[in-house]
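The lines below spell out each chain.
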Amino acid sequence: QVQLVESGGGLVQAGGSLRLSCAASGLPFSKYAMGWFRQAPGKQREFVAAISCSGDRTYYADSVKGRFTISRDNAQNTVYLQLNSLKPEDTAVYYCAATGPIYEHPAPLVSKPYEYDYWGQGTQVTVSS
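Not measured: the values here are computed from a predicted model.

About the cut-offs
Residues numbered from 1 in each chain as written. Predicted model: local features only at pLDDT ≥ 70, side-chain atom pairs only at ≥ 80, totals over all residues. Heavy atoms only, no water. Helix = DSSP H or I, 4+ residues; strand = E, 2+ residues; numbered from the N terminus. Rg over C-alpha atoms; globule rule 2.2 N^0.38 Å. Buried < 20%, exposed > 50% of the residue type's maximum accessible area, 1.4 Å probe, protein only. Contact = heavy atoms within 4.5 Å. Areas by Shrake-Rupley, 256 points an atom, 1.4 Å probe, with all protein chains shown as cover. Pairing = 2+ DSSP bridges. Axes fitted to C-alpha atoms, helices over the stretch in contact; angles between N-to-C directions.

(A) Structural detail: the overall build of the protein chain. Each helix and strand in the protein chain was counted, giving zero helices and eleven strands. Listed N to C, the secondary structure of the protein chain is β-β-β-β-β-β-β-β-β-β-β in terms of helices and strands. Here the C-alpha atoms of the protein chain give a radius of gyration of 14 Å, agreeing with the 14 Å that 2.2 N^0.38 yields for 129 residues. For the protein chain, the spread of C-alpha atoms along the three principal axes comes to 45 × 30 × 30 Å. Residues counted as buried form 45% of the 129 residues belonging to the protein chain. Put simply, 62% of the contacts in the protein chain that link residues at least 6 apart link residues at least 24 apart. Summed over its atoms, the accessible surface of the protein chain is roughly 6,600 Å², and 47% of this surface lies on carbon and sulfur atoms.

(B) The side chain of Ser-111, seen in detail. Within the secondary structure layout, Ser-111 lies in the loop between β9 (92-99) and β10 (118-119). Ser-111 gets classed as buried once you look at its relative accessible area, which sits at 17%. If we skip the residues at most four places from it in the chain, Ser-111 touches Phe-37, Phe-47, Tyr-59 and Tyr-116.

(C) View of the sheet that holds strand β1 (residues 3-7). Here we have four strands laid out as an open sheet, ordered β1-β3-β8-β7, and antiparallel in their pairing. The open sheet is flanked by β1 and β7 (68-73), the only strands paired with a single partner. In this sheet, adjacent strand axes meet at a mean angle of 15° when their direction is disregarded.

Right, dumping it as structure tokens:
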């Protein structure tokens, strides 16, 4: 049974930082590309960032480029999202997701929710002004 469990969300002031974690189990983690998405109330789920199986390639939404950093530790089956210079508009539930297994490299990093196979339950990030 595949499980993705996010943690690290919380309440932070504008300009602050948070580090989200997503612990994966039940899948060959190093064969899955990972992504982070977010969903604010009344809005569609939107892509935030993605990382390749080995971690050598990353892809970001324009809205977070230069402020957020995605990384992964395959030995720990964990993917991270470092959130810096947070803005009130970053307030949302943040989800991690997995797509794969991937056997051909390099594979394109994808950004549509339907392209991901497994999802976590989400962690709330609230940024106050």
